[in-house]
Amino acid sequence: MTRVTIVGAGPGSADLITLRGARALASARVVLHDALIDPALREMAPQAEWIDVGKRGFCDSTAQARINALLVQHARAGGHVVRLKGGDPSVFGRLDEELEALAEAGIACEVVPGVTAAIAAAADLKRPLTRRGSGRSVALSTAMTRAGQLVATRGADTEVFYMAGRQLAALSRRLVGAGWPADTPVAVVSRAGWPDQHGSDHRVDTLPEAVVLHGGRPTVVIVGVGATAVTVASSSALDSIPFAPLPAASKP
Ligand code: SAH
């Protein structure tokens, strides 16, 4: 029997959680949750004990080890434990470490996916991350290495950088170094999926200007094809007249 369910809460408003995630919450005895989740999610598990294990709950250095230990401890105490994580658990969520801790303790678990920030940002902007013919690949990247260094890559037609909000000037320089032309479109979206989401347009070389607009908010940086607006004039996909009547069948 599943004793722990690791649930992706989505990036913002409570209604972005999946039905499967909401059902897991409804049967939870304990919910261990990240800091950035919508308080309205609590209404889905009023019976549960809610424990904040986000950075506001613990100091950074001990956070992950404490979370792993709490997961195991509460699972052993009995009842259904939900580990509620922002966005999708498999994307920059340190899911591997929590899975390892549970496996080592012999505790069965299930993972429920969630809407990751990049996908919520694309929806907010109405800018698809892939485009037929021109945007054939998407990379989800973190700009931060484990050692706290900033790296940038050019591995896909659309590259979405997480965790770069505080270092946009450095990211801009690194993107140029990675081979992105200075005039490549960049869209910056903060608080994607929340009612106060905000998006802004830049180029690789003007990206540092975005700091004043998004400072202090969770932010993703979309670089390349997926950062461009969809317009009728520039979209060949819209020119292909999908609703054109079929030519009349020629008579023999
Ligand atoms: N598992 C999460 C990512 C956690 S890493 C997910 O799938 O979305 C934390 C980073 O995610 C933040 O630094 C930021 O880059 C990004 N992020 C999280 N929530 C966001 C939001 N609502 N809007 C924009 N970026 C967000």
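Up top you'll find the structure we're talking about.
The model shown is predicted, which means the values in this text are computed figures rather than measured ones. (Residues numbered from 1 in each chain as written. Predicted model: local features only at pLDDT ≥ 70, side-chain atom pairs only at ≥ 80, totals over all residues. Heavy atoms only, no water.)

1. Thoughts on the overall build of the protein chain
Move 1: For the protein chain, the helix and strand inventory stands at 6 helices and 10 strands.
Move 2: If you take every contact in the protein chain between residues at least 6 apart in sequence, the share linking residues at least 24 apart comes to 63%.
Move 3: Carbon and sulfur atoms make up 56% of the accessible area of the protein chain, which totals about 13,200 Å². (Helix = DSSP H or I, 4+ residues; strand = E, 2+ residues; numbered from the N terminus. Contact = heavy atoms within 4.5 Å. Areas by Shrake-Rupley, 256 points an atom, 1.4 Å probe, with all protein chains shown as cover.)

2. A look at a nonpolar patch on the surface
Move 1: A grouping of F92, V138, L140 and M163 is seen on the molecular surface, where their side chains present a nonpolar patch of about 320 Å² in accessible area.
Move 2: For L140, the location among the structural elements is in strand β6 (residues 138-142). (Patch = residues over 30% accessible without salt bridge, like charges linked within 9 Å, V, L, I, M, F, W, Y side chains within 5 Å. Salt bridge = Lys/Arg side-chain N within 4 Å of Asp/Glu carboxyl O.)

3. Let's talk about unusual backbone geometry
Move 1: Backbone geometry at F92 places phi at a positive 50 degrees, although glycine is not the residue there.
Move 2: Examined against the element boundaries, F92 turns out to sit in the loop between β4 (81-85) and α3 (95-104).
Move 3: Residue classification places F92 among the partly exposed residues on the basis of a relative accessible area of 36%.
Move 4: Positioned with a positive phi, K126 is a non-glycine residue whose angle comes to about 55 degrees.
Move 5: When its relative accessible area of 68% is taken as the criterion, K126 is described as exposed. (Buried < 20%, exposed > 50% of the residue type's maximum accessible area, 1.4 Å probe, protein only.)

4. Quick notes on the site of the ligand
Move 1: Contacts to the ligand come from 17 residues, most closely from V91, T116, M163, A192 and T219.
Move 2: For the ligand, whose unbound accessible area comes to 550 Å², protein coverage reaches 84%.
Move 3: Looking at the shell around the ligand, its residues break down into 11 nonpolar, 4 polar and 2 charged.
Move 4: Taken domain by domain, the makeup of the shell around the ligand includes at least three residues from each of domain 1 (4-115) and domain 2 (118-227). (Near = heavy atom within 4 Å. Nonpolar A, V, L, I, M, F, W, Y, C, P; charged D, E, K, R; others polar. Domains from an automatic or database assignment.)

5. So, helix α5 (residues 168-177)
Move 1: Within the sequence span of α5, burial applies to L168, A170, L171, S172 and L175.
Move 2: Those residues of α5 that are buried lie in contact with β7 (158-162), α6 (211-214) and β10 (219-224).
Move 3: Looking one or two residues past α5, G179 carries a phi angle of roughly 105 degrees, positive in sign.

6. Looking at the packing of aromatic side chains
One pair of aromatic rings is described through two measures. These are the centre distance and the angle between the planes.
Move 1: Tallied over the entire structure, the rule returns 1 aromatic pair.
Move 2: Positioned over the ring face of W180 is R154, at 4.9 Å from the centre of the ring.
Move 3: Residue placement shows R191 over the ring face of W194; its charged tip is 4.2 Å from the ring centre. (Phe/Tyr/Trp six-rings, centres within 6.5 Å; stacked < 30°, edge-to-face > 60°. Lys NZ or Arg CZ within 6 Å of the ring centre and 35° of its normal.)

7. As for the pattern of salt bridges
Move 1: Evaluation of the coordinates by the stated rule reveals 8 salt bridges.
Move 2: We note a salt bridge from E98 to K85, for which the minimum N-O separation is 2.9 Å. Of this pair, E98 sits in helix α3 while K85 sits in strand β4, placing them 13 residues apart in sequence.
Move 3: With relative accessibility at 3%, the residue K85 sits in the buried group.
Move 4: Among the charged side chains, a salt-bridge network with shared partners connects D34, R83, K85 and E98.

8. Focus: the environment of A182
Move 1: Along the chain, the position of A182 falls in the loop between α5 and β8 (185-190).
Move 2: A sequence separation of 22 residues divides A182 from V204, and the C-alpha atoms of the two residues are 5.1 Å apart.
Move 3: In this view, A182 contacts R203, V204 and D205; residues no more than four positions away in its chain are not counted.

9. Re the sheet that holds β7
Move 1: Judged by pairing direction, the sheet is mixed, and its 5 strands sit side by side in the order β6-β7-β10-β8-β9 without closing on themselves. Edge positions in the sheet fall to β6 and β9 (198-203), since each has one partner strand and no second. Averaged over all neighbouring strand pairs, the angle between strand axes comes to 20 degrees, with direction disregarded. (Pairing = 2+ DSSP bridges. Axes fitted to C-alpha atoms, helices over the stretch in contact; angles between N-to-C directions.)

10. Details of the environment of E104
Move 1: Mapped onto the fold, E104 is located in helix α3.
Move 2: Separated by 32 residues in the primary sequence, E104 and V72 have C-alpha atoms spaced 9.5 Å apart.

11. Here we look at the sheet that holds strand β1 (residues 4-8)
Move 1: Read across the open sheet, the 5 strands follow the order β3-β2-β4-β1-β5; overall the sheet is parallel. Looking at which strands have only one partner, the edges of the open sheet turn out to be β3 (49-52) and β5 (109-112). Averaged over all pairs of adjacent strands, the angle between their axes in this sheet comes to 20 degrees, without regard to strand direction.
Move 2: Where β1 lies against β5, 4 bridges are found, and the strand directions are parallel. In the strand pairing of β5, I6 is matched with V111.
Move 3: Here helix α2 (residues 63-77) sits on the sheet and contacts β1, β2 (30-33), β3 and β4; the angle it forms with β4, its principal contact strand, is near 155 degrees.

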